[in-house]
Amino acid sequence: MVVDALETRELRYFVAVAEELHFGRAAERLGMAQPPLSRAIQQLERRLGVCLLERNRRGVALTDAGQVLLFEGRATLDAATAAARRTRRAGGADNPGSARSRLVLAVKTAAVHELLQKLLDAYAAQPDAAEVEVLQCRLCDQEARLRDGSADVALMHVPYNSLAGFDSEELMTEGQLAVLPAGHPLAARETLSMADISDLPDLPPARWPRHGVYAPGPGPEIHDQTQLAQLVALGRTVGVVPESARAWLWSEHAAVPLTDAPPVVTHIAWPTHSRSPALASLIRTAVQLDSAR
C-alpha cells in the first residue's frame, strides 16, 4: 500500500543523503549513525514504491524519482520551518515579555525610504497594531526571507524582485536615474538614454543581480547600495537606480533621469497562505496609503 503522507523526519534524512550523495557524510551531518539512516531511506523507498537512490561501488546517485523528491522535499522542509517561525512570532514566543504580536517587514536597504516611513507611521496609529521589525536586506534578498519565514511581509521591486508564489498589492511606480560621478561630462545633461550610458569606456555599467544571477559584463557586481555609492564616487562605474534612491546619493554623485529605462514598481508582498490578522491590517494600511496618493 502506498502511503501518501511523508514525515518531516523522513524528508530531512532523504535530503541530507541526496545533497551529500554519501551515507556516511549525511549521517555525520544529521548527528546519527549510518545503519539507521540507511534503513530509514530503504523504508521510505518501500513505502513510496519507487527507487530514490542508485547505489553502486562508485557511490550514490539520484534517480529521476529521487530528483523530484529532493526538489519537493526541500520546499516542504522550508515551508515547515517558515510556518514554525511565523507561528512563534505571532504568539510572542520569540519575544517573551512583549504584550504585542510582531511582524517582520523585509525591505531592500535604502529603498523607498519615504514610503516606508509613511507606512510605519500610519500602521502604528492603528489601535491594534503589532510591533513591526524592519529587516534590512541585500539586493533581491526579500524573496528568500519571505520563503524561509524570516519575514512575514516585504516591499518588493519589479523587475528586480520576483513575485512568483506570493500575493501582492502595487503601491507605487517610479522612473529610473543614471548615477554618475559629479564631474563626469554626462552629469550636466538634463536627461539620458540607456544607450548613452551603456558603452562608456571609463564607466562600465554596474551589474545588479536578477533573481540571484549577475549578467555578464565588464562592470562590477553590486551587492548593496553602499558599494555602488562608493564605486560611482570613485569614478569606477555608472549605476541605474529608482528615482527614490535620490535620498541616499552623495555630493560626489550626479543623478540624471533616464528616458527609456523600464519603470520600477514597488509592491507589498506576502505568502499566499497567510491568515495573520496583524498582517492583513498592515496590508490594508499600505493600500489605503496608495489610494491617498
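Please read these numbers as outputs of a predicted model, since none were measured by experiment.

A word on the side chain of Lys108
Now for step 1: Here Lys108 is to be found in strand 3 (residues 102-108).
Now for step 2: Apart from residues no more than four positions distant in its own chain, Lys108 is found in contact with Gln136, Cys137, Leu139, Gln142, His157 and Gln225.

Re the side chain of Thr285
Now for step 1: Along the chain, the position of Thr285 falls in helix 9 (residues 277-292).
Now for step 2: Given a relative accessible area of 4%, Thr285 falls into the buried group.
Now for step 3: At a separation of 2.9 Å, a polar atom in the side chain of Thr285 contacts the main-chain carbonyl oxygen of Ser281.
Now for step 4: Residues within four places of Thr285 in sequence aside, it is in contact with Leu119, Ala122, Tyr123 and Gln126.

Focus on the packing of helix 1 (residues 8-20) against helix 4 (residues 64-90)
Now for step 1: Where helix 1 contacts helix 4, the axes come no closer than 9 Å and their chain directions differ by 125°. The angle between helix 1 and helix 4 places the two elements in the oblique class. In the packing of helix 1 onto helix 4, the handedness of the crossing is left-handed. Contacts between helix 1 and helix 4 pair Thr8, Leu11, Arg12, Phe14, Val15, Ala18 and Glu19 from the former with Gly66, Leu69, Leu70, Gly73, Arg74, Thr76, Leu77 and Ala80 from the latter.
Now for step 2: When the residues that make up the contact of helix 1 with helix 4 are grouped by side-chain class, the tally is eight nonpolar, four polar and three charged.

Observations concerning the UniProt feature "domain: HTH lysR-type" (unreviewed entry) in the chain
Now for step 1: In the UniProt entry, the feature "domain: HTH lysR-type" (unreviewed entry) is given for residues 6-63.
Now for step 2: End C-alpha atoms of residues 6-63 are separated by 19 Å, and the span's content is 62% helix alongside 14% strand.

A closer look at the sheet that holds strand 11 (residues 253-257)
Now for step 1: Across the sheet, which stays open at both edges, the three strands sit in the order 10-7-11 with antiparallel pairing between neighbours. Either end of the sheet is taken by a strand with one partner, and the two such strands are strand 10 (239-242) and strand 11. Adjacent strand axes in the sheet meet at a mean angle of 35°, parallel and antiparallel pairs treated alike.
Now for step 2: Here four bridges tie strand 7 (residues 176-181) to strand 10, and the two strands are oriented antiparallel to one another.

Definitions and cut-offs
Residues numbered from 1 in each chain as written. Predicted model: local features only at pLDDT ≥ 70, side-chain atom pairs only at ≥ 80, totals over all residues. Heavy atoms only, no water. Helix = DSSP H or I, 4+ residues; strand = E, 2+ residues; numbered from the N terminus. Contact = heavy atoms within 4.5 Å. Buried < 20%, exposed > 50% of the residue type's maximum accessible area, 1.4 Å probe, protein only. Polar contact = N/O pair within 3.5 Å; in protein donor to acceptor, adjacent residues only side chain to side chain. Axes fitted to C-alpha atoms, helices over the stretch in contact; angles between N-to-C directions. Parallel < 35°, antiparallel > 145°, perpendicular 65-115°, else oblique. Left-handed = near helix turned anticlockwise from the far one by under 90°. Nonpolar A, V, L, I, M, F, W, Y, C, P; charged D, E, K, R; others polar. UniProt positions renumbered as here; feature names shortened; annotations may be inferred. Pairing = 2+ DSSP bridges.

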